[in-house]
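If you want the building blocks of each chain, they are given just below.
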2 protein chains.
Amino acid sequence: MLTDRQLFILQAIIDNYIQSAEPIGSRSISKSDGMSYSPATIRNEMADLEELGFLEKPHSSSGRIPSEKGYRHYVDHLLLPHRLSKKEIQNVRSLFAEKILEAEQVVKQSATILSDLTSYASIVLGPEVFESKLKHVQIIPLNAQAAVAILVTDTGHVENHTVTLPESLNSTDLEKIANILNDRLEGVPLYKLQEKIYKEVAGLLKQHVNSFHDAFRFTEETLQKSKQEKVFYGGKTNLLSQPEFKDIEKVKMIFEILEQDHTVHELLKPEQDGLVIRIGQENNYEAFEDCSIISATYSFDGKPVGTIGIVGPTRMEYPRVIGLIQHLSKGLSDALTNLYTSGN
Amino acid sequence: MLTDRQLFILQAIIDNYIQSAEPIGSRSISKSDGMSYSPATIRNEMADLEELGFLEKPHSSSGRIPSEKGYRHYVDHLLLPHRLSKKEIQNVRSLFAEKILEAEQVVKQSATILSDLTSYASIVLGPEVFESKLKHVQIIPLNAQAAVAILVTDTGHVENHTVTLPESLNSTDLEKIANILNDRLEGVPLYKLQEKIYKEVAGLLKQHVNSFHDAFRFTEETLQKSKQEKVFYGGKTNLLSQPEFKDIEKVKMIFEILEQDHTVHELLKPEQDGLVIRIGQENNYEAFEDCSIISATYSFDGKPVGTIGIVGPTRMEYPRVIGLIQHLSKGLSDALTNLYTSGN
DNA sequence: ATTTAGCACTCGTTTATCAAGAGTGCTAAC
DNA sequence: GTTAGCACTCTTGATAAACGAGTGCTAAAT
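Residues numbered from 1 in each chain as written. Chains lettered and ligands numbered in written order. Predicted model: local features only at pLDDT ≥ 70, side-chain atom pairs only at ≥ 80, totals over all residues. Heavy atoms only, no water.

Draft legend 1. Representation of the overall build of chain A within the structure. A tally of helices and strands in chain A yields 12 helices and 10 strands. Scaling as 2.2 N^0.38, a compact globule of 344 residues should have a C-alpha radius of gyration of about 20 Å, whereas chain A reaches 26 Å, well beyond that. Overall, the C-alpha framework of chain A stretches about 90 × 40 × 35 Å when taken along its three principal axes. A total of 344 residues make up chain A; the buried ones form 55% of that total. Of the contacts formed within chain A by residues at least 6 apart in sequence, a portion of 60% connects residues at least 24 apart. (Helix = DSSP H or I, 4+ residues; strand = E, 2+ residues; numbered from the N terminus. Rg over C-alpha atoms; globule rule 2.2 N^0.38 Å. Buried < 20%, exposed > 50% of the residue type's maximum accessible area, 1.4 Å probe, protein only. Contact = heavy atoms within 4.5 Å.)

In structure tokens, the structure reads:
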């Protein structure tokens, strides 16, 4: 177990290092607020902390930098939740104050604000429309071979997909299909839609539509599309300002991964709700061994529907970023929920 | 006027420099194919070409690199249109072979292919939906205060916008509005929509709907959104592989500009149809003084609706990129046009 | 009149050396 | 348990020397 003094020193070193990005020496720690020991004493403690794995030395006679274990301990036990500055609060507030009606807009802007307020890159996943309920189906024929199928959910989300029309379907068939679907499926959550179609609507369709099988493929294709979660980015360029990414090769590897939606998913997808902090190697990607990712889920109507996260160097301003993310994910959840529930 | 030999040398230098990214010396030119003069002769010619402004020296005793004027002359007079390799042709063909039905998909994939085949960053604007014609309007109430308005065009493009409902509009009003709009506006190109509403539909609405003024704001908001052109990117990370962008500061400036849709517009927007090549300072952005941008418009039904372009270092593989872009913009135009015209 | 060989010169790049400075670890004194 | 002192380590920056690629110019060759 670490002594209080060790904890204090560890904290001071990490706080300092987060600011300066340079190895911290015993002298500067001995001069920091509330520390009343000489550099020599600090040095002894630092040697112990290094032996315990909380600190590292870039080379034998340099100052110390935090190890991943050090950051982990800092994050888990030392970090005091940071109060947002007035400016930050104002910024976030103004985002949610405007009555923006489209979920996608709110989510996009959250990404932008998050990256503007930090010097890191922000990523937002979602919101998933899986839980939301079908409000309306519309099928609009464009010409003899193609039609646009449109789904609208109770959250105002619109999904559309252009499909080829089987020869066998004529425009009265389309109308019939749309009518049947609307009749039977309004209020059904999207994730149950496919099942419901098979179990309850198939028979009906069969009666009224000549080639009901073709009609299925058609609805399936449209549903498929709504499953993909969207990804929004903000301020990727910010990372280039961080001294740890002055090496182009490193940045390249990071950006390559961030360019692919599916790996971004893996990076951010939380295995639990609430705040998740992944430091360095905890990210399981070599390119991200010098990065930390902080993410939090946001909810609609109590159920998590997406993730808001930030990517920065392991030397991240954890207290501030954590405060911001918590605040934003809360705000985002409230905004989404307020927009579309309880008849409001 | 330049002699044939000077032109030949200029071309050889540029071809070489595009490959190697290093200043070219007289010796290496004298050994290139079809050149039968000694280094000393070449040196004399090179000195002349420098005096004429086609070449530059990074420092007094180094080899030559092309100046912007040099590139310009190369592009305008020397460059022989490059045949695409079989692999490239195949790649592009396979893109347009699949019957993708959504314009946005095709456009996105074009960006991806373009950046995959080059080592540069691709950008695609559009397609504009301005010329396309209204097929259907739908208004779907979500709750007492909000509704989703949906526009579908004859090209299968769907635009949706969530709007607040004025207290004064009830759901029968909404139906009426939608019916009136559909009746009167089907087939009208989007860019004429607003005008048409005011001139021809206003009166009708006034008769049937209590607060017709509110109804307008509503349609306007939705139209507004469809005006923004979309921007797709591909392979921005590629730029990091180019030796001229090993300097983080440069890359940062470039990426910052590429992150803003409106500056990207300015960079790519062609003042004429067809192929446009902007070399270095011709881009009018300081950050892009070492970049060239090659872009071409693509069309729907004969009218230009978007731009496909590529951003790379001034030392760009002009012949290949030009070949590719021409091929792609042609393919893109054909694909779009075939998808939605002549009842096909 | 061209072309080219020869050569001195320039300038960037690399390598080695050195001094300065920051920081450590250890010992011995407090 | 704490700290002053000091030798030692390692990075950083500056300076200089050696190297090499490439030039410009002159004078000879074609």
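Draft legend 2. Geometry of the protein's contact with DNA strand D. Close contacts around DNA strand D come from 20 residues, with Thr41(A), Ser60(A), Ser61(A), Ser26(B) and Arg64(B) the closest. Each atom of DNA strand D within 4 Å of the protein belongs either to a base or to sugar and phosphate, the latter forming 75%. Contact between DNA strand D and His59(A): a sugar or linking oxygen at 3.2 Å from a side-chain N or O atom of the residue. Of all the secondary structure elements, the ones that give two or more residues to the surface near DNA strand D are helix H3 (39–51) of chain A together with helix H3 (39–51) of chain B. Here the surface near DNA strand D takes four residues from H3(A), the largest share from any one element. Partitioning the surface near DNA strand D into residue classes produces four nonpolar, 11 polar and five charged. (Near = heavy atom within 4 Å. Polar contact = N/O pair within 3.5 Å; in protein donor to acceptor, adjacent residues only side chain to side chain. Nonpolar A, V, L, I, M, F, W, Y, C, P; charged D, E, K, R; others polar.)

Draft legend 3. Broad picture of the pairing of strand E3 (residues 121–125) of chain A. Residue and element names in this part refer to chain A. Judged by how many residues are buried, E3 sits mostly within the fold: five of five residues are covered. Of the two faces of E3, both are covered, the one formed by Ala121, Ile123 and Leu125 as well as the one formed by Ser122 and Val124. The pairing of E3 with strand E10 (residues 303–313) spans five bridges and is antiparallel. Bridge pairing links Ile123 to Gly309 in E10. (Pairing = 2+ DSSP bridges.)

Draft legend 4. The packing of helix H1 (residues 4–20) of chain A against helix H4 (residues 68–78) of chain A, seen in detail. Residue and element names in this part refer to chain A. Their axes nearest at 10 Å, the elements H1 and H4 cross at an angle of 110°. On the basis of the axis angle, H1 is roughly perpendicular to H4. Of the residues in H4, those touching H1 at Leu7, Leu10, Gln11, Ile14, Asp15, Tyr17 and Ile18 are Gly70, Tyr71, His73, Tyr74 and Leu78. Residues that form the contact of H1 with H4 fall into these classes: eight nonpolar, three polar and one charged. (Axes fitted to C-alpha atoms, helices over the stretch in contact; angles between N-to-C directions. Parallel < 35°, antiparallel > 145°, perpendicular 65-115°, else oblique.)

Draft legend 5. Fine view of the packing of helix H5 (residues 86–97) of chain B against helix H12 (residues 318–340) of chain B. All names here are of chain B. Contact geometry for H5 and H12: axes closest at 10 Å, N-to-C directions at 20°. By the angle between their directions, the pair H5 and H12 is classed as roughly parallel. When you trace H5 past H12, the crossing you get is right-handed. Note on element contacts: H12 touches H5 through Arg320, Leu324, His327, Leu328, Gly331, Leu332 and Ala335, opposite Glu88, Ile89, Val92, Leu95 and Phe96. (Left-handed = near helix turned anticlockwise from the far one by under 90°.)

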